[in-house]
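Tertiary structure, described
Residues per chain, in single letters:
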Amino acid sequence: MAEEKGALQSAREWVVEHKLRAVGTLWLSGIVGSIAYNWSRPGMKTSVKIIHARLHAQALTLAALAGSALVEYYDHQQGSGSKVHQYAKQFLSSDSSSSPQKE
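Residues numbered from 1 in each chain as written. Predicted model: local features only at pLDDT ≥ 70, side-chain atom pairs only at ≥ 80, totals over all residues. Heavy atoms only, no water.

A word on helix α3 (residues 46-78). Relative to the 48 Å expected for 33 residues at 1.5 Å per residue, α3 spans 48 Å between its end C-alpha atoms, a close match to the ideal helical length. Within the span of α3, buried status applies to Lys49, Ala53, Ala57, Thr61, Ala64, Ser68 and Asp75. (Helix = DSSP H or I, 4+ residues; strand = E, 2+ residues; numbered from the N terminus. Expected span 1.5 Å × (residues − 1). Buried < 20%, exposed > 50% of the residue type's maximum accessible area, 1.4 Å probe, protein only.)

Structure below.
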């Protein structure tokens, strides 16, 4: 059970670090899967198949973005903070220490 938790935790950490890559990969796989599904259905024009594939992938992408937002919210609630806050703290503290002091 601990190994599953470790794999799940490492997968979650990867998604947190690479949100846009995860959403883009999900979008691409949604397009490919939907085109493959629609191509197996005879009687539809090619343009309709492509439009359906785009709509399915768009819905899947919206769901992935909502999931990404939930992960970010969960991380924020757990106190680990987001990368934006970590970068802001790092750069704001370095800017204030490197700026010349007025005498």
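The subject of this paragraph is the packing of aromatic side chains. Tallied over the full model, the rule gives 0 aromatic pairs. When the ring centre of Trp39 is taken as origin, the NZ or CZ atom of Lys49, which lies over that ring, is 5.0 Å away. (Phe/Tyr/Trp six-rings, centres within 6.5 Å; stacked < 30°, edge-to-face > 60°. Lys NZ or Arg CZ within 6 Å of the ring centre and 35° of its normal.)

So, on to helix α2 (residues 19-39). Helix length check: α2, at 21 residues, gives a terminal C-alpha distance of 30 Å against a target of 30 Å (1.5 Å per residue), a fit within 8%. Residues of α2 that are buried include every one of Ala22, Val23, Gly30, Ile31, Ser34 and Asn38, and no others.

As a further point, take the side chain of Lys49. Residue position: Lys49 is located in helix α3. When its relative accessible area of 9% is taken as the criterion, Lys49 is described as buried. Excluding residues that lie within four positions of it along the chain, Lys49 makes contacts with Asn38, Trp39, Arg41 and Met44. (Contact = heavy atoms within 4.5 Å.)

Inspection of the secondary structure puts Ile35 in helix α2. Through-space distance from the C-alpha of Ile35 to that of Ala53 is 5.4 Å; in sequence the pair is 18 residues apart.

As a further point, take the environment of Arg12. Inspection of the secondary structure assignment puts Arg12 in helix α1 (residues 2-17). Taking the C-alpha atoms as reference points, Arg12 and Val71, separated by 59 residues in sequence, lie 8.3 Å from one another. With sequence-adjacent residues up to four places away left out, Arg12 is seen in contact with Tyr74 and Asp75.

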